Amino acid sequence: MTLECIEHRACFGGWQDVYEHASSTLGCTMRFAIYLPPQAADGPVPVLYWLSGLTCTEQNFITKAGAQRYAAEHGIAIVCPDTSPRGDDVADADGYDLGQGAGFYVNATQAPWAVHYRMHDYVVHELPALVEAHFPVTSLRAISGHSMGGHGAMVLALRNPGRYRSVSAFSPIVAPSRVPWGQKAFAAYLGDDREAWKQYDASELIGTAAEKLPVLVDQGEADEFLDAQLQPWRLKAAADAAGYPVYLRMQPGHDHSYYFIASFIGEHIAHHAAALRA
């Protein structure tokens, strides 16, 4: 598969790059960012996959989170895919919370979305295969994300036991079946059968999880979407009922922004580094 490097920048002794490729899973051209720490010059390193939230591209995390410093300290690569398929022939919708920029990391089953919107398979299968074939990385993987991406990180880990060594999330949409963001997206992408929605809902999946991978969740107490869209207590209640290890940290004063992510990303990368070394 042909990869085209469209950005190449030195960063904390390593390289922050952005690549473009033709995705067979999504049927369109996709971009992803990859940070290779200085340790990658001496041999393969493990990978943290970061999933961004609504309206984001591969750029938001790499320009706002300040994660490269910590990735360089721990010797971890970071891969950031885009949040949806893109292109003139890719279905879209008015508003920021459906269509391009809002893939929700599901495999859509409904027209017109099913043609391109297969972000679950892209992130779980095609992208890691591409990264592991072309870059000095191992098959040891961790996953994290923010908001819609926090939802994606937890769901992909829960649905694919053994695929990831660790998982964490910032301000995740923990129960998309029960909040407006998720209900709008799931009705469009998956149809009206609410039973089908449960396969992409972390609060539903956690009760029957085959693998109990500890989940670190940071949530700002001043998050403007806390009560209407995020509702982390639903995940904690489901986890407690199932005996699943979820570590929910409510952070006073913090909102939904990348100022919040930048404040705690070092702790999250340390969390993943410990699991990837184990």
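Small disclaimer: the values here were computed from a predicted structure and weren't measured.

Peer 1: Explain the sheet that holds strand 4 (residues 45–51) to me, please; I cannot follow it from the model alone.
Peer 2: Adjacent strands of a sheet pair through backbone hydrogen bonds, lying either parallel or antiparallel. Across the sheet, nine strands lie side by side as 1-2-3-5-4-6-7-8-9; this open sheet has mixed pairing. Edge positions in the sheet fall to strand 1 (3–11) and strand 9 (246–251), since each has one partner strand and no second. Recorded for the sheet is a direction-independent mean angle of 20° between the axes of neighbouring strands. Across nine bridges, the pairing between strand 2 (residues 14–23) and strand 3 (residues 28–36) is antiparallel. Note on strand 3: the bridge partner recorded for Glu-20 is Arg-31. In this fold helix 9 (residues 232–242) packs onto strand 8 (215–220) and strand 9, with an angle of close to 150° to the strand it touches most, strand 9.

Peer 1: Would you explain the side chain of Gln-229 in this entry?
Peer 2: Note that Gln-229 resides in helix 8 (residues 226–230). On the basis of relative accessible area, Gln-229 is assigned to the buried category, the value being 10%. With near-sequence residues (within four places) excluded, Gln-229 lies in contact with Ile-173, Val-179, Pro-180 and Trp-181.

Peer 1: Could you clarify how one ought to interpret the pattern of salt bridges in this entry?
Peer 2: Proximity of charged atoms lets side chains of opposite charge pair with each other. By the definition in use, this model includes 12 salt bridges. Close ionic contact of Asp-97 with Lys-184 constitutes a salt bridge, the shortest N to O distance being 2.8 Å. Here Asp-97, found in the loop between strand 5 (77–81) and helix 3 (119–134), pairs with Lys-184, found in helix 5 (residues 180–190); they are 87 residues apart in sequence, far enough to count as distant. Lys-236 is paired through a salt bridge with Asp-240; the nearest N and O atoms lie 2.9 Å apart. Here the residue Lys-236 and the residue Asp-240 both occupy positions in helix 9, the gap between them amounting to four residues, near one helical turn. On the basis of relative accessibility, which here comes to 28%, the residue Lys-236 falls in the partly exposed class. Beyond isolated ion pairs, a larger network of salt bridges with shared partners links Asp-218, Arg-249 and Glu-267.

Peer 1: Where do I start with empty space enclosed by the protein in this structure?
Peer 2: Rolled over the atoms, a probe with the dimensions of a water molecule shows which regions are left empty. One pass over the full model with this rule turns up three cavities of 30 Å³ or more. Looking at the largest cavity, its volume works out to about 40 Å³. Residue lining of the largest cavity: Met-154, Ala-157, Leu-158, Val-167, Ile-206, Leu-213, Val-215, Leu-235 and Tyr-244, and that is the complete set. At three residues, helix 4 (residues 148–159) tops the list of elements feeding residues into the lining of the largest cavity. A breakdown of the residues in the lining of the largest cavity according to their chemical character gives nine nonpolar, no polar and no charged.

Peer 1: I tried to follow the nonpolar core on my own but got confused; where do I start?
Peer 2: Nonpolar side chains tend to gather and get buried jointly when the protein is soluble and globular. Counting 69 residues, the largest nonpolar core has Phe-32, Phe-104, Val-131, Ile-143, Met-154, Leu-156 and Tyr-189 as the members making the most contacts within it. If we ignore the near neighbours within four places in the chain, the residues touching Val-131 are Phe-32, Ile-34, Tyr-49, Val-79 and Val-137. Listed in part, the 25 residues of the second largest apolar core include Ala-65, Phe-170, Tyr-258 and Phe-260.

Peer 1: I would appreciate a short explanation of the layout of surface pockets in the present structure.
Peer 2: If you add up the space inside the largest pocket, you get close to 230 Å³. Together, 14 residues line the largest pocket, and Leu-54, Thr-55, Cys-56, His-146 and His-256 are the ones closest to its centre. Tallied by class, the residues present in the lining of the largest pocket amount to six nonpolar, seven polar and one charged.

Peer 1: Whenever I open this one, the state of the cysteines confuses me. Can you help?
Peer 2: A covalent bond bridging the sulfur atoms of two cysteines is what the word disulfide describes. Following the criterion strictly, the structure yields zero disulfides and no others. Cys-28 takes part in no disulfide bond, and the closest cysteine sulfur to it belongs to Cys-56, at a distance of 17 Å.

So, how was this worked out
- Residues numbered from 1 in each chain as written.
- Predicted model: local features only at pLDDT ≥ 70, side-chain atom pairs only at ≥ 80, totals over all residues.
- Heavy atoms only, no water.
- Pairing = 2+ DSSP bridges.
- Helix = DSSP H or I, 4+ residues; strand = E, 2+ residues; numbered from the N terminus.
- Axes fitted to C-alpha atoms, helices over the stretch in contact; angles between N-to-C directions.
- Contact = heavy atoms within 4.5 Å.
- Buried < 20%, exposed > 50% of the residue type's maximum accessible area, 1.4 Å probe, protein only.
- Salt bridge = Lys/Arg side-chain N within 4 Å of Asp/Glu carboxyl O.
- 1 Å grid on protein atoms, 1.4 Å probe; cavity = no way out; pocket = protein on both sides within 12 Å on 5 of 7 lines; lining within 4 Å.
- Points joined across faces, edges and corners; volume = space filled by probe spheres on them.
- Nonpolar A, V, L, I, M, F, W, Y, C, P; charged D, E, K, R; others polar.
- Core = buried A, V, L, I, M, F, W, Y, C linked by side-chain atoms within 4.5 Å.
- Disulfide = S-S within 2.5 Å.

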